[in-house]
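Chain by chain, the residues run as shown.
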Amino acid sequence: MDWRLKALAFRALELPGGAHAHYFLKRHVTRNWPRRTKTLDALAGIARRAIEDYARHVGGTPSSVLEVGSGRDLAVPIALRRLGVAKVVACDVERLGKLDLIQHAADHILTGQVKLLSWDDLERFGVKYLAPHYVGSDDEPVDCSCSNEVLEHVPTDQLAILLKGLRAVTKGLTTHSIDYSDHYARSDKSVSRLNFLRYSDKEWRPFNSGKQYVNRLRHSDYVRMFCEAGFTILEESSVVGEPPPDLKIADQFKRYDPPDLFAIKGRIVAA
């Protein structure tokens, strides 16, 4: 699907009732939900990596973890419980969680051993779901906080507030995977994962809908913002993509060094 048409479709989904329509399309047309086994296994791997990060830098297994942007099936929080985390807080700025999708994820990750038929069942299992919720200093402290391909969807001003909130509640370690690429390239293979670097903020605004919003920050921006929020960077890395030969960079991005500018994903671990 041409990425421009997809952008227009996302704009239409911002109208009243669009959230329900979006979920209906993803469940019954594109069939992204429930998630496939391969995807659930990958998300279980994300949970395992967070635990490994904590063990490497702090030691042992965290007793409590906060995941920002847990999504519809809470696959990572469920996997964290399986790995021995006693209490997991899952939060979203919109209430996306669906009990049937949560059960589907649990059936695979927990091999059918737990029934989560209500939100009370979920909390008794050890996962507290907060949505809509914005992380702040009044939240309960946790040993570890994490996110997976979420921070790129947060507007810059809100990201600064979120990072300060994470700094206030995280006692041990925070660990994050970030996707720096043009998300439209996932469905339109005719454009590169760096396509959006052609456009100024003004030019990009019509394509940057709430349903597919990306802040287009580069890796160095995130490192700086984590530091400004009060974190100490323990690990940071990025993977550089190959820009197409005809890629003309918008003026606002020309200040970045090529490895930073052309990064398509990265990780930040901080304390």
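Scoring rules and cut-offs
- Residues numbered from 1 in each chain as written.
- Predicted model: local features only at pLDDT ≥ 70, side-chain atom pairs only at ≥ 80, totals over all residues.
- Heavy atoms only, no water.
- Phe/Tyr/Trp six-rings, centres within 6.5 Å; stacked < 30°, edge-to-face > 60°.
- Helix = DSSP H or I, 4+ residues; strand = E, 2+ residues; numbered from the N terminus.
- Buried < 20%, exposed > 50% of the residue type's maximum accessible area, 1.4 Å probe, protein only.
- Contact = heavy atoms within 4.5 Å.
- Axes fitted to C-alpha atoms, helices over the stretch in contact; angles between N-to-C directions.
- Parallel < 35°, antiparallel > 145°, perpendicular 65-115°, else oblique.
- Left-handed = near helix turned anticlockwise from the far one by under 90°.
- Salt bridge = Lys/Arg side-chain N within 4 Å of Asp/Glu carboxyl O.
- Pairing = 2+ DSSP bridges.

Q: Help me out: how do you make sense of the packing of aromatic side chains in this one?
A: Note on aromatic pairs: each is described by the distance of the centres and the angle between the planes. With the rule as written, the count across this model stands at 9 aromatic pairs. Relative to Tyr129, the ring of Trp119 lies with its centre 5.4 Å away and its plane at 15 degrees, an arrangement referred to as stacked. Taken together, the residues span a long stretch of sequence, with Trp119 in helix α6 (residues 119-125) and Tyr129 in strand β3 (residues 127-130) at a distance of 10 residues. Residue classification places Trp119 among the partly exposed positions, given a relative accessible area of 29%. With centroids separated by 5.5 Å and ring planes inclined at 35 degrees, the aromatic side chains of Tyr180 and Tyr222 adopt a geometry described as tilted. Note that Tyr180 is positioned in the loop between β5 (170-179) and α8 (201-204) and Tyr222 in helix α9 (residues 219-228), a separation of 42 residues in sequence.

Q: Help me out: how do you make sense of the side chain of Ser145 in this one?
A: Mapping Ser145 onto the fold places it in strand β4 (residues 142-148). Classification of Ser145 by relative accessible area gives buried; the value is 0%. In this structure, Ser145 is in contact with Leu66, Leu166, Thr170, Leu173, Thr174, Thr175 and His176, ignoring residues within four places of it in sequence.

Q: What's the story with the packing of helix α3 (residues 37-57) against helix α4 (residues 75-82) in this structure? I'm lost.
A: Pairs of packed helices are described in terms of their axes, by the angle between the two and the distance that separates them. Packing of α3 against α4 brings their axes to within 8 Å, and their N-to-C directions diverge by 55 degrees. Taken together, α3 and α4 sit at an angle that is classed as oblique. Read as a crossing pair, α3 and α4 show a hand that is right-handed. On α4, the residues touching Leu40, Leu43, Ala44, Ile46, Ala47 and Ile51 of α3 are Ala75, Val76, Ala79 and Leu80.

Q: Sorry if this is basic, but what is going on with the pattern of salt bridges here?
A: Pairing between side chains becomes possible if they bear opposite charge and their charged atoms approach one another. Counted under the stated rule, the structure contains 14 salt bridges. Taking the shortest distance from any N to any O, the salt bridge between Lys87 and Glu140 comes out at 2.9 Å. With Lys87 in strand β2 (residues 87-91) and Glu140 in the loop between β3 and β4, the pair connects residues that are 53 residues apart, well separated along the chain. Overall, Lys87 belongs to the partly exposed group, its relative accessible area being 30%. Residues Arg224 and Asp221 are paired through a salt bridge, measuring 3.5 Å at the closest nitrogen-oxygen approach. Here Arg224 and its partner Asp221 are both found in helix α9, 3 residues apart, which amounts to about one turn of the helix. Given a relative accessible area of 38%, Arg224 falls into the partly exposed group. Where salt bridges share partners, they join Asp53, Arg56, Glu235 and Arg267 into one cluster.

Q: Would you mind going over α9 with me for this structure?
A: An α-helical turn contains 3.6 residues, so a residue and the one three or four places further along point in the same direction. Listing the buried residues of α9 in full gives His219, Asp221, Tyr222, Val223, Met225 and Phe226. Contacts from the buried residues of α9 go to α7 (156-169), β5, β6 (233-240), α10 (258-261) and β7 (263-270). Just past α9, the residue Gly230 takes up positive phi, approximately 105 degrees.

Q: Would you mind showing me how to read the sheet that holds β4 here?
A: Note: strands within a sheet are paired through backbone hydrogen bonds, in either parallel or antiparallel orientation. Strand order in the open sheet made by the 7 strands is β3-β2-β1-β4-β5-β7-β6, with mixed pairing throughout. With partners counted over all chains shown, the strands left at the sheet margins are β3 and β6, one partner each. Averaged over all neighbouring strand pairs, the angle between strand axes comes to 15 degrees, with direction disregarded. Summarising the sheet, β2 and β3 pair through 4 bridges and their orientation is parallel. Residue pairing in the sheet places Ala90 in a bridge with Tyr129 of β3.

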